[in-house]
Amino acid sequence: MTHTSVAAYAAPAPKAPLERITIPRRELGAHDILIDIKYAGICHSDIHTVRAEWGDAGNSPIVDGNFPIVPGHEIAGVVTEVGSEVSRYEAGDRVGVGCFVDSCRECENCKSGLDQYCTGEPGMVNTYAGTGRDGQPTYGGYSTHIVVDENYALRIPDGIPLDGAAPLLCAGITLYSPLAHWKAGPGKKVAVVGLGGLGHMGVKIAHAMGAEVTVLSQSLRKKDDGLRLGADHYYATSDPATFERLAGTFDLIVNTVSANLDLNAYFELLKTDGTLVQLGVPENPLPVAPFALIGQRRSFAGSLIGGIAETQEMLDFCGEHGLAADIEVIGAEQINEAYERVLASDVRYRFVIDASTI
Ligand code: NAP
Ligand code: ZN
């Protein structure tokens, strides 16, 4: 294959609606695979990014020069062509691509399976709105095809349908990694804050790991779903009694909320030595009251997706436990409408774009 143009959906400018465009995909290098994209999940990070809500945040500055942005880092598809030295995949394989498509491969983190925390050059290369080794912008999964290095693709187990698998590439690994790191399992009480794309995978995975799972949602609107997904308990955070009843309860709280919460109220729900892991990336800083942590030696931590090896481990875990995302498949022309529904917490529980409609 030569350098070619493929169809995609892109935000042409900050806050602008997404529209169909064509983008270049690079010529297949020796270690590259060409993937025929079947499905791409819509992550709330896609929305934060194209609306430039992370303009000044941390190490993910999105500036006007990044546009047009083709979002999408929950990609599932089928390999159609492989480079001359590819050894891991062949045509016909079912594969996924997540949030990054390259890293330095040489730093301590890359060598120990923490490539999402790559400290070398070029650092972790985001699947979209990043810059690849070739100096070209990266474009994500709202597209018909993608070319990636075989070392940054994942194998999707046969038992998982491709549409339900796509969201595992971000939502799945983002919850699996901290749940594994902080040892969610039998005897552990875990709370998942926010029952959206990330949260619903958190409930499924924590339950499969054997933990006692509680959902903390804004209301009881989705309680039946939460219990069906594997939660043991479900409480509304709009009810102040929730915070009294659950004080000092949890070993681990994973906060998936995309907006600013009063975290200090949630710290009080941790046991002595409990940890609250921040996963959501709201636009504004989150104020911390020191006494809420100091009093019970509590920890406040963060976690970013997971490494490539751990993402494969997560996919295999989901395959063994029969887990996939609960999804609503949409056509590409519905992307802008789907964004509004995500913002209104009206998603059960992930929108997945059928790439054949692009
Ligand atoms: P999502 O599907 O929109 O889910 C977020 C959930 O947060 C909503 O379903 C809602 O749950 C709750 N929520 C929303 N607005 C709220 C508000 N004003 N007050 C209280 N609760 C509210 O989003 P997502 O795709 O799961 O992503 C969640 C966040 O994680 C985003 O900020 C995203 O950028 C970030 N993220 C981080 C990583 C990482 O590596 N750390 C990876 C992917 C995404 P209820 O209706 O149940 O209350
Ligand atoms: Zn994501």
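Right above here is the structure, for reference.
Draft legend 1. Structural detail: the coordination of the zinc ion (ligand 2). Looking at the zinc ion (ligand 2), the protein donor atoms are Cys43 (SG), His73 (NE2) and Cys170 (SG), and they sit 2.0 to 2.2 Å from it. On the accessibility criterion, Cys43 (2% relative accessible area) is buried.

Draft legend 2. Geometry of the site of ligand 1. The full set close to ligand 1 counts 29 residues, and His44, Leu195, Ser217, Lys222 and Arg350 are the nearest of them. For ligand 1, an oxygen atom lies 2.7 Å from a polar atom in the backbone of Leu195. Contacts to ligand 1 include Leu198, whose backbone N or O atom sits 2.8 Å from an oxygen atom. Isolated, ligand 1 exposes 930 Å² of accessible area, and the fraction of that covered by the protein chains is 90%. Going through the elements one at a time, helix 1 (44–50) and helix 5 (197–209) are the ones with two or more residues in the shell around ligand 1. Here the shell around ligand 1 gets three residues from one element, more than from any other, and that element is helix 1.

Draft legend 3. Main features of the sheet that holds strand 14 (residues 270–278). Spatial strand order, 12-11-10-13-14-15: six strands in an open sheet with parallel pairing. Edge positions in the sheet fall to strand 12 (233–236) and strand 15 (299–302), since each of these pairs with one other strand and no more. Taking each pair of neighbouring strands and ignoring which way they run, the sheet shows an average axis angle of 20°. When strand 13 (residues 250–255) meets strand 14, the two strands line up parallel, connected through five bridges.

Draft legend 4. Quick look at the layout of surface pockets. Quantified by volume, the second largest pocket comes out at close to 510 Å³. Among the elements of the structure, strand 2 (19–25), strand 6 (100–102) and strand 8 (145–149) are those that each provide at least two residues to the lining of the second largest pocket. Of the residues that constitute the lining of the second largest pocket, the class distribution is nine nonpolar, seven polar and eight charged.

Draft legend 5. Spotlight on helix 5. For helix 5, which comprises 13 residues, the first-to-last C-alpha distance of 19 Å matches the rise-based estimate of 18 Å (1.5 Å per residue) to within 8%. For helix 5, a buried count of eleven out of 13 residues is recorded, marking the element as mostly surrounded by other parts of the structure. Within the span of helix 5, buried status applies to Gly197, Leu198, Gly199, His200, Met201, Gly202, Val203, Lys204, Ile205, Ala206 and Met209. The inward-facing, buried residues of helix 5 abut helix 4 (171–181), strand 10 (189–193), strand 11 (212–217), helix 6 (223–229), helix 10 (308–321) and strand 17 (350–354). Following helix 5 by one or two positions, Gly210 adopts a phi angle in the positive range, close to 100°.

Draft legend 6. Broad picture of the environment of Glu268. Structurally, the position occupied by Glu268 is in the loop between helix 8 (263–267) and strand 14. Counting along the chain gives 256 residues from Glu268 to Pro12, while the straight-line C-alpha distance between them is 43 Å. When residues no more than four places from it in sequence are discounted, the contact partners of Glu268 are Ala247, Gly248, Ala292 and Arg298. One polar contact links Glu268 to Arg298, side chain to side chain, over a distance of 3.2 Å.

Draft legend 7. View of the pairing of strand 3 (residues 32–41). Among the ten residues of strand 3, seven are classified as buried, and the element is accordingly described as predominantly covered. Bridge count for strand 3 against strand 8 is five bridges, and the pairing is antiparallel. Looking across to strand 8, one finds that Ile33 is bridged to Val148. Looking at chain direction, strand 3 and strand 4 (residues 75–82) are connected through seven bridges and run antiparallel. Bridge assignment links Ala40 to a residue of strand 4, and that residue is Ile75. Bridge analysis of strand 3 against strand 17 gives three bridges, and the strand direction is antiparallel. Looking at strand 17, one finds that Ala40 is bridged to Ile353.

Definitions and cut-offs
Residues numbered from 1 in each chain as written. Chains lettered and ligands numbered in written order. Predicted model: local features only at pLDDT ≥ 70, side-chain atom pairs only at ≥ 80, totals over all residues. Heavy atoms only, no water. Donors = N, O, S within 2.8 Å, 3.2 Å for Na, K, Ca; no water. Buried < 20%, exposed > 50% of the residue type's maximum accessible area, 1.4 Å probe, protein only. Near = heavy atom within 4 Å. Polar contact = N/O pair within 3.5 Å; in protein donor to acceptor, adjacent residues only side chain to side chain. Areas by Shrake-Rupley, 256 points an atom, 1.4 Å probe, with all protein chains shown as cover. Helix = DSSP H or I, 4+ residues; strand = E, 2+ residues; numbered from the N terminus. Pairing = 2+ DSSP bridges. Axes fitted to C-alpha atoms, helices over the stretch in contact; angles between N-to-C directions. 1 Å grid on protein atoms, 1.4 Å probe; cavity = no way out; pocket = protein on both sides within 12 Å on 5 of 7 lines; lining within 4 Å. Points joined across faces, edges and corners; volume = space filled by probe spheres on them. Nonpolar A, V, L, I, M, F, W, Y, C, P; charged D, E, K, R; others polar. Expected span 1.5 Å × (residues − 1). Contact = heavy atoms within 4.5 Å.

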